[in-house]
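Summary of structural features
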Amino acid sequence: MTGRSVLGYTAILVVMGAGWGLTQPLTKIAVSSGFQPFGLLVWQLMIASVILSAVALVRQSRLPLGSRHLRLYFLIAMIGTILPNAATYLAAVHLPAGILSLLMAMIPMWAFPIALLLGNDIFSMRRLSGLVFGLVGVLLIVSPGLSLPPEVRFGWILVALASGVFYAFEGNYVAKWGTGGLDAAQVLHGASLAGLAVAVPLALLGGQFIAPEALVDTPAGRALAAASVVHVAVYTAYVWLVGRAGSVFAIQVSYLVTGFGMLWANVMLGEAYAPSVWLALACMFAGMYLVQPRRNAPLAGISPIGETRP
């Protein structure tokens, strides 16, 4: 890459990080009115499906509907959206948005042990030390009296961490078994439609469906709509950047997502953090740096196909 192209790609990387980081405080706003997870998922997936259907129309890209592709769509929908996002929405009710952003930094660190279990990677002390740094960061967050108000229960930290484990498994699944010849936009499109087929009945049966007018008439609905649009736009840019600048360069957005997530939470929600949280952030950054593969090495399991937090 030339110096000018590096500068341009870096600017795009910063915009992507700012956009993805914005989705955490928007999520916090979305859950603040009492909206329930499956109701939120329906509209998140609906908005994504409409946008991606329009993109497919412009690209003249047909969505394959063979049995193996349908299995892929439903699997990615479950492990890349339904399960992790439901966990995130539940945890967001109880945790500060900045802490959610910080915990999402564990995704590439969870990816390493999962990659070892699936045979996607080989053992590395350097990457193991990255996982250890990440766990130290988590301990700094959950230690009583250090970071969180006493009324915040440890169980919600585990729920938020579970979300990242699903994303890490999703990336490793794709790295091992592939996407059946589909590109990332097609997989995300198919998974969004498949996710709708799952989320709509669950929302209706659970009494969680959100009326369409609520997306316009309430701050929570507008926040959800904004987060969904930002996700699709930034994820499309991420896929484009991987193709242009390479996956090792593009994955640097992980640092920016975490940092901007905490910044936006401070600006939009007035969140403030104890010194131990900033120490945890430093541990997370060190962990992300150490678990990254070297340049020219495969990037197994780091980047999720179907969700907001790389």
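Residues numbered from 1 in each chain as written. Predicted model: local features only at pLDDT ≥ 70, side-chain atom pairs only at ≥ 80, totals over all residues. Heavy atoms only, no water.

**Details of the packing of helix α6 (residues 125-142) against helix α13 (residues 275-291)**
In the contact formed by α6 and α13, the axes pass within 7 Å of each other and the chain directions differ by 165 degrees. Overall, the two elements α6 and α13 adopt an arrangement that is roughly antiparallel. The handedness of the crossing between α6 and α13 is left-handed. Here α6 contributes Arg126, Arg127, Ser129, Gly130, Leu131, Phe133, Gly134, Val136, Gly137, Val138, Leu140 and Ile141 to the contact with α13, which in turn contributes Ser276, Leu279, Ala280, Cys283, Met284, Ala286, Gly287, Tyr289, Leu290 and Val291. For the contact of α6 with α13, the class distribution of residues is 14 nonpolar, 6 polar and 2 charged. (Axes fitted to C-alpha atoms, helices over the stretch in contact; angles between N-to-C directions. Helix = DSSP H or I, 4+ residues; strand = E, 2+ residues; numbered from the N terminus. Parallel < 35°, antiparallel > 145°, perpendicular 65-115°, else oblique. Left-handed = near helix turned anticlockwise from the far one by under 90°. Contact = heavy atoms within 4.5 Å. Nonpolar A, V, L, I, M, F, W, Y, C, P; charged D, E, K, R; others polar.)

**Side note on the pattern of salt bridges**
Taken as a whole, this structure holds 2 salt bridges when the rule is applied. Of the charged contacts in the structure, one is a salt bridge between arginine 59 and aspartate 183, with a shortest N-O distance of 2.6 Å. Remark: aspartate 183 occurs in the loop between α7 (154-177) and α8 (184-205) and arginine 59 occurs in helix α2 (residues 37-59); sequence separation between them is 124 residues. Under the relative-accessibility criterion, arginine 59 is labelled partly exposed at 42%. Looking at aspartate 183, the relative accessible area reads 28%, which means it is partly exposed. (Salt bridge = Lys/Arg side-chain N within 4 Å of Asp/Glu carboxyl O. Buried < 20%, exposed > 50% of the residue type's maximum accessible area, 1.4 Å probe, protein only.)

**Regarding the environment of isoleucine 141**
Mapping isoleucine 141 onto the fold places it in helix α6. Judged by relative accessible area, isoleucine 141 falls into the buried class, the value being 0%. Considered as a pair, isoleucine 141 and histidine 231 are 90 residues apart in the sequence and their alpha carbons are 27 Å apart. Every residue in contact with isoleucine 141, bar those within four places of it in the chain, is listed here: Ile99, Leu102, Leu103, Ser147, Leu148, Ile157 and Ala280.

**Here's the deal with the nonpolar core**
If you look at the biggest cluster of nonpolar residues, it comprises 58 residues, and the most contacted ones within it are Leu40, Leu95, Leu102, Leu103, Met106, Ile141 and Ile157. Ranked by the residues each element gives to this core, the list is headed by α13, at 7 residues. Ranked by size, the runner-up nonpolar core spans 20 residues in total, among them Leu13, Met16, Ala250 and Val253. (Core = buried A, V, L, I, M, F, W, Y, C linked by side-chain atoms within 4.5 Å.)

**Here we look at helix α10 (residues 219-245)**
Across its 27 residues, α10 extends 37 Å between first and last C-alpha, which sits within 8% of the 39 Å expected from 1.5 Å per residue. Taken from the residues just after α10, glycine 246 is the one with a positive phi, measuring 95 degrees. (Expected span 1.5 Å × (residues − 1).)

**Considerations on the packing of α2 against α10**
Orientation of α2 relative to α10, taken along the N-to-C sense of each, is 40 degrees, at an axis distance of 9 Å. Taken together, the axes of α2 and α10 lie oblique to each other. Both α2 and α10 take part in a crossing whose hand is right-handed. Contacts between α2 and α10 involve Leu40, Trp43, Gln44, Ile47, Ala48, Ile51 and Leu52 from the first element and Leu224, Ala225, Ser228, Val229 and Val232 from the second.

**A word on the confidence of the model for the chain**
Mean pLDDT over the chain: 88, with 93% of residues reaching 70 or higher. Mean pLDDT across the elements of the chain ranges from a minimum in helix α11 (residues 247-250), with 74, to a maximum in helix α3 (residues 67-92), with 95. (pLDDT = per-residue confidence, 0-100.)

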